[in-house]
Amino acid sequence: MTPDAVPQNYLPIVIILFAAAAFAIVSLLAGMLVRPSRPYQAKLAPYESGAPIFSDARSRIPMRYYVIAMLFVIFDIETVFLYPWAVVFKELGLFGLIEMLVFLAILIVGYFYAWKKGALEWD
Amino acid sequence: MIPFSPGDLLAILPELIVMGVGCLLLVIDPLTAEDRKERLVYISLAALAVAFIAQYWLLGLRRPVFSGLYVLDPYGTFWKLLLILVAGLVILLAKAHLKLEAIDLGEFNAFILLSLSGMMVMVSGRDLLVIYLGLELMSISLYIMAGFKRFERRSMEASAKYFILGSLSSGILLYGISLLYGRTGSTMLSGIKAGLAGLPPHDPILLLAMILLVVGFGFKVSAVPFHMWTPDVYEGAPTSVTAYLAVASKAASFAAFVRVFMEALGGVKANWQVLLLIVSIATMVLGNVVAIVQTNIKRMLAYSSIAHAGYALIGLVVADAAGVAGVMLYLALYAFMTLGAFTVVTMLRKGGLEGDEIEDFTGLARRNKWAALLMLLFMISLTGIPPTAGFIGKLYIFMAAVGAHLTWLAVLAVIFAAVSAYFYLRIIMVMYMREPGETAGTPGHNVRIVASPAIIAVLLVAAAGVLVLGIFPDPLVKAAQSAILP
């Protein structure tokens, strides 16, 4: 594949983009023209037949959630890397094992640090 | 199987030491009692000393590392020696300064070492993604360090601003890298160079990629128009972090900037030289002119650091051996004077606060003649008056410009260096020709000088660097000239 061929290869994607946009616009427009409009309070709620709304969702959230979410992302990445590594483990051999141990050691440093600093405690 | 040889690990020994001890400090820090935290400083200083020796031992060697993704070469070694030295001085400075500011010393050293290892990766990477990785490791540590004065608004603002703008610029840089990869089929500098050979010189995607890379690196070296963050971050961050930002992060970013543009995009020089020429002129003009109206010394030094980035960029505009050596020399010399100037700023205390307004320098010569004398030395060096380091740096940059038939650019730069004399010499005027205020509310009243052995050591090294390298620049010039990119 020469670099000059690249733009043509993207043509199907451009077509899909336009088709998707057209589908959404046309179906929304068609719905708007055809359907009867009789709104009332319960119907306008974000979740019809759901639990009643008691406050605005855009309230302040404790910092704690943010820290926990960050830690989750960090250790989730670990598993993301472990999976493909496990698949090709045999081909990588000892070298791959050592590499992964180094990677895990660095993560454990982070884990230890977070633990000791009390990031895992809720209060 | 991944090609790997034990020699590769030896080639990155200094990086491994810095990175390893950085991680180690994160483990030791929570286990150390509050009154023993100073030991962490000695551990990091010892690690830097060992890394410096290891790097010095690798001096002059040249070999590709990790299948060419990384490289050990004199160019990288030059920068790494400079960066390790600067990090050591900043740790010494911070030891005294953070205590004054009542900032926890714990993680600080770990972050200095981790960001240093990022910088070292950045200056030796020969693959755009490795360089990007180093850049992020450096930047993320710096974002955190900028907010180390957690309870002060300005510091938080600095950290948040730097983080948001920094992420944006990283994104732009990555976009540029992805376009280059799409066009040339490689992220390795040598692969990009080979891929460019088959492309027309005015390929639009290539031009766009180049512009995006200039934006990404321009942000990190604070070139106009990507400089907006610099004054706010420099003002808000603790002064020892500001010194580190102004010196080490700028030097490392310039090192990667020059390597990427010379090694990968060297073949299409004509395309980016004009762009960088404009950026360089804008940076010199804006940095020097806006610095004049500043009343806060840290903001003034921030604009001065922008202006100096403009001078250093001339070396990259010239884009030949003399230009690259000029950039290396300029930033190495700039490191000493800027570090020195920020160190003097940390010494001025006004009650429990830092005396970071220019008026706090009023009559400093009467209060402490040594601090004033050193500040005088750093200021005339920043202006570029002989026999100081600043003059030598400018001399080689301007000579490179003249050698490349850009005499008018050198003349313009000299004119703006003359403009800069106004605000640098104003500090000297304020220190020497005004009496310190005696009553409350007058300028210079209630300012005291705090010195500790560590700060004096940093000042002596900086002053020695400015004077010795200003008078006998030969060894450094030779080192830079023998370390330019092949």
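Preceding block: the structure.
What you see is a predicted model, and the numbers here were worked out from it, not measured in a lab.

S.K.: Help me understand the overall build of chain B in this model?
M.R.: Each helix and strand counted, chain B has 20 helices and five strands in total. The C-alpha radius of gyration of chain B comes to 22 Å, within 12% of the 23 Å expected for a compact globule of 486 residues. Projected onto its principal axes, the C-alpha coordinates of chain B cover approximately 75 × 55 × 40 Å. A burial count over chain B gives 58% of its 486 residues as buried. Long-range pairs, those at least 24 residues apart, make up 78% of the contacts in chain B between residues at least 6 apart in sequence.

S.K.: Whenever I open this one, the environment of Leu104(A) confuses me. Can you help?
M.R.: All names here are of chain A. Within the element layout of this structure, leucine 104 appears in helix 5 (residues 89-116). Using a count of 14 C-beta atoms within 10 Å as the deciding quantity, one classes leucine 104 as partly exposed. In the structure, leucine 104 is positioned 21 residues away from tyrosine 83 in sequence and 13 Å away in space, judged by C-alpha atoms.

S.K.: Got a minute to help me understand the packing of helix 4 (residues 74-100) of chain B against helix 5 (residues 106-124) of chain B in this structure?
M.R.: The description of two helices packed together rests on the angle between their axes and the distance between the axes. Residues and elements named next belong to chain B. Direction vectors running N to C along helix 4 and helix 5 enclose 165°, while the axes themselves pass 10 Å from each other. Taken together, the axes of helix 4 and helix 5 lie roughly antiparallel to each other. Considering only the axes of helix 4 and helix 5, their crossing is right-handed. The segment helix 4 lies against helix 5, with Gly76, Trp79, Lys80, Leu83, Ile84, Ala87, Val90, Ile91, Ala94 and Leu98 engaging Phe108, Asn109, Ile112, Leu116, Met119, Met120, Val123 and Ser124. Of the residues assigned to the contact of helix 4 with helix 5, the class counts are 14 nonpolar, three polar and one charged.

S.K.: Looking at this structure, how should I read the sheet that holds strand 5 (residues 447-449) of chain B?
M.R.: Backbone-to-backbone hydrogen bonds join strands into a sheet, with any given pair of strands oriented parallel or antiparallel. Residues and elements named next belong to chain B. If you walk across this open sheet you meet the three strands as 4-3-5, and the pairing is antiparallel. Looking at strand neighbours, the two that pair on one side only are strand 4 (353-354) and strand 5, the edges of this open sheet. Pairing analysis gives three bridges linking strand 3 (residues 348-350) to strand 5, with the strands arranged antiparallel. Residue pairing across strands places leucine 348 opposite isoleucine 449, the latter belonging to strand 5.

S.K.: Help me understand the packing of helix 7 (residues 153-184) of chain B against helix 8 (residues 189-197) of chain B in this model?
M.R.: Residue and element names in this part refer to chain B. Contact geometry for helix 7 and helix 8: axes closest at 9 Å, N-to-C directions at 55°. Between helix 7 and helix 8, the angle is such that the two are oblique. Classified by chirality, the crossing of helix 8 by helix 7 is left-handed. Between helix 7, through Leu180, Arg183 and Thr184, and helix 8, the contact on the second element is made entirely by Gly191, Ile192, Gly195 and Leu196.

About the thresholds
- The numbers attached to residues start from 1 for each chain and follow its sequence in the written order.
- Throughout, the order in which chains and ligands are written sets their labels, letters from A for the former and numbers from 1 for the latter.
- Reporting of local features is limited, given that this is a predicted model, to residues whose pLDDT is at least 70; pairs of side-chain atoms are given and counted only at 80 or more, and all residues count toward the totals for whole chains, interfaces and linings.
- The helix and strand labels rest on DSSP assignments: H or I over at least four residues marks a helix, E over at least two residues marks a strand, and numbering proceeds from the N terminus.
- The globule rule used for comparison is 2.2 Å times the number of residues to the exponent 0.38, while the radius of gyration itself is calculated over C-alpha atoms.
- Residue burial here comes from a neighbour count, namely the number of other C-beta atoms, placed from the backbone, that lie within 10 Å of the residue's own C-beta, with 20 or more meaning buried, 12 or fewer meaning exposed, and in between meaning partly exposed.
- Once C-beta atoms are placed from the backbone, any two residues with those atoms within 7 Å are in contact.
- Fitted lines through C-alpha atoms serve as axes, helices being fitted only where they are in contact, and the angles separating the N-to-C directions of these axes extend from 0 to 180 degrees.
- For this classification, under 35 degrees means roughly parallel, over 145 means roughly antiparallel, 65 to 115 means roughly perpendicular, and everything else is oblique.
- The handedness criterion is simple: a crossing whose near helix is rotated anticlockwise from the far helix by less than a right angle is left-handed, and one whose near helix is rotated clockwise is right-handed.
- Note that Gly is not counted as nonpolar here; it falls among the polar residues with everything else outside the nonpolar set of Ala, Val, Leu, Ile, Met, Phe, Trp, Tyr, Cys and Pro and the charged set of Asp, Glu, Lys and Arg.
- By this definition, two strands are paired if DSSP reports at least two bridges between them.

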